[in-house]
Amino acid sequence: FENLDDNTKFEKAILLLKKLNGGTLIINKNLTFNRVCTINNLRGIEIIGNKSTYSLQGGQFTGSTIIFKNNSHLIISDFIDLKIKNINFISTEKNHEQIIELYKGYDFEIDNVKIRSANSSKSIALSLGKNNGENAVFQGKISRVNIIDDDGGIGVFTGDSNTSLVFETCYLQGCSFN
């Protein structure tokens with residue numbers, strides 16, 4: 001990685017894990033996404049930063065980071081047994097729409113993830129599911145998640161038809177839970 005746009009390499013790494021019927025992608029450097037990154041049909045895949053993330057209340061992030069530019073974001077759909085751990089997600093621009101969207105999946109964990117929104121009142125930092133059963137997420141554990149958006153955006157959006165979601169030790173600063 002280490003290019004100005006790491007989408008293609010990230011997508012190729014996920015594609016390889018899909019061919020292997022699962023596995024772990026370890027992110028050991030910061031990545032920059034300059035376009036929307038959509039990955040789907042995932043089974044038994046882990047996306048893990050190589051260091052435990054650390055953040056002070058003011059949003060000083062360390063560890064593996066994915067930086068989103070040009071209104072880019074990450075969409076993950078149609079998944080089973082997905083793990084996202086020890087990663088920072090940062091959007092550097094105002095007026096972005098969202099940062100991470102998960103839908104149409106189950107049996108997932110998001111652990112020790114930090115999300116920093118660039119103060120956009122219209123943004124959604126973490127979107128879980130949509131407002132219909134076909135695109136819901138369920139059987140998910142979301143723990144040690146820290147979301148900062150001091151301009152009043154939506155920190156976590158959960159669709160109306162999601163079920164069996166467990167939130168533990170999550171912190172939202174300047175944003176809402178919807």
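Every value quoted in this text rests on a predicted model; they were computed, and no experiment measured them.

> Looking at this structure, how should I read the nonpolar core?
Grouped burial of nonpolar side chains is what soluble globular proteins tend to show. Judged by nonpolar contacts, the single largest core of 37 residues is most densely connected at Phe 10, Phe 89 and Leu 102. Beyond its immediate chain neighbours, meaning those up to four positions away, Phe 89 contacts Ile 66, Phe 68, Leu 74, Ile 84, Ile 99, Ile 100, Val 113, Lys 114, Ile 115 and Arg 116.

> What's the story with the environment of Gly 140 in this structure? I'm lost.
Relative to the helices and strands, Gly 140 resides in strand 12 (residues 137-143). Here Gly 140 is in contact with Phe 108, Ser 164, Leu 165 and Val 166, once residues within four sequence places are set aside.

> Whenever I open this one, the packing of aromatic side chains confuses me. Can you help?
Both the distance between ring centres and the angle between the ring planes are used here to describe each pair of aromatic rings. If you walk through the whole model with that rule in mind, you get six aromatic pairs. Look at Phe 33 and Phe 68: their rings are 5.6 Å apart centre to centre, the planes differ by 85°, and that puts the pair in the edge-to-face class. Of this pair, Phe 33 sits in strand 2 (residues 31-33) while Phe 68 sits in strand 6 (residues 64-68), and the two are 35 residues apart along the sequence. Note on Phe 68: relative accessible area 0%, which makes it buried. Look at Phe 167 and Phe 177: their rings are 5.3 Å apart centre to centre, the planes differ by 85°, and that puts the pair in the edge-to-face class. One end of the pair, Phe 167, is in strand 15 (residues 163-168); the other, Phe 177, is in strand 17 (residues 176-177), and 10 residues separate them in sequence.

> Where do I start with the confidence of the model for the chain in this structure?
The predicted coordinates of low-pLDDT regions are not to be read in fine detail. Averaged over the chain, the pLDDT score is 87; the fraction of residues at 70 or greater is 90%. Mean pLDDT across the elements of the chain ranges from a minimum in strand 4 (residues 54-55), with 54, to a maximum in strand 7 (residues 74-85), with 97.

> Is there a simple way to explain the sheet that holds strand 6 in this structure?
For sheets, the rule is that strands pair by backbone hydrogen bonds, running either parallel or antiparallel. Pairing within the open sheet is parallel, and its six strands lie in the order 2-6-8-10-13-16. If you trace the sheet from one side to the other, it starts and ends with strand 2 and strand 16 (171-173), each paired once. Strand-to-strand twist of the sheet, defined as the mean angle between neighbouring strand axes without regard to direction, takes the value 10°.

> Would you mind going over the pattern of salt bridges with me for this structure?
Pairs may arise between side chains of opposite charge once their charged atoms sit close together. One pass over the structure, following the stated rule, counts eight salt bridges. Ionic pairing is found between Glu 11 and Arg 35, a salt bridge with its closest N-O pair at 2.9 Å. Here Glu 11, found in helix 1 (residues 7-19), pairs with Arg 35, found in the loop between strand 2 and strand 3 (37-49); they are 24 residues apart in sequence, far enough to count as distant. Judged by relative accessible area, which is 21%, Glu 11 ranks as partly exposed.

> Just checking my understanding: could you explain the environment of Phe 177 for this structure?
Judged by relative accessible area, which is 47%, Phe 177 ranks as partly exposed. Measuring from C-alpha to C-alpha, the distance between Phe 177 and Phe 157 comes to 6.2 Å, with 20 residues separating the pair along the chain. Ignoring any residue separated from it by four or fewer positions in sequence, one finds Phe 177 in contact with Val 156, Thr 158, Phe 167 and Leu 172.

> What should I look at first to understand helix 1 in this one?
Structural remark: α-helix, 3.6 residues per turn; residues separated by three or four positions point the same way. Here helix 1 is 13 residues long and its end C-alpha atoms lie 18 Å apart, about the 18 Å a rise of 1.5 Å per residue gives. Those residues of helix 1 not exposed but buried are Asn 7, Phe 10, Ile 14 and Leu 17. Angularly, the buried residues of helix 1 cover 95° about the axis, an arc narrow enough to put them on a single face. Of the exposed residues in helix 1, the ones pointing more than 90 degrees away from its buried face are Lys 12, Leu 16 and Lys 19. Contacts from the buried residues of helix 1 go to strand 1 (23-27), strand 2, strand 3 and strand 7. Once helix 1 ends, the next one or two residues include Asn 21, with phi positive near 60°.

Cut-off values and rules
Residues numbered from 1 in each chain as written. Predicted model: local features only at pLDDT ≥ 70, side-chain atom pairs only at ≥ 80, totals over all residues. Heavy atoms only, no water. Core = buried A, V, L, I, M, F, W, Y, C linked by side-chain atoms within 4.5 Å. Buried < 20%, exposed > 50% of the residue type's maximum accessible area, 1.4 Å probe, protein only. Contact = heavy atoms within 4.5 Å. Helix = DSSP H or I, 4+ residues; strand = E, 2+ residues; numbered from the N terminus. Phe/Tyr/Trp six-rings, centres within 6.5 Å; stacked < 30°, edge-to-face > 60°. pLDDT = per-residue confidence, 0-100. Pairing = 2+ DSSP bridges. Axes fitted to C-alpha atoms, helices over the stretch in contact; angles between N-to-C directions. Salt bridge = Lys/Arg side-chain N within 4 Å of Asp/Glu carboxyl O. Expected span 1.5 Å × (residues − 1). Arc of directions from axis to C-beta.

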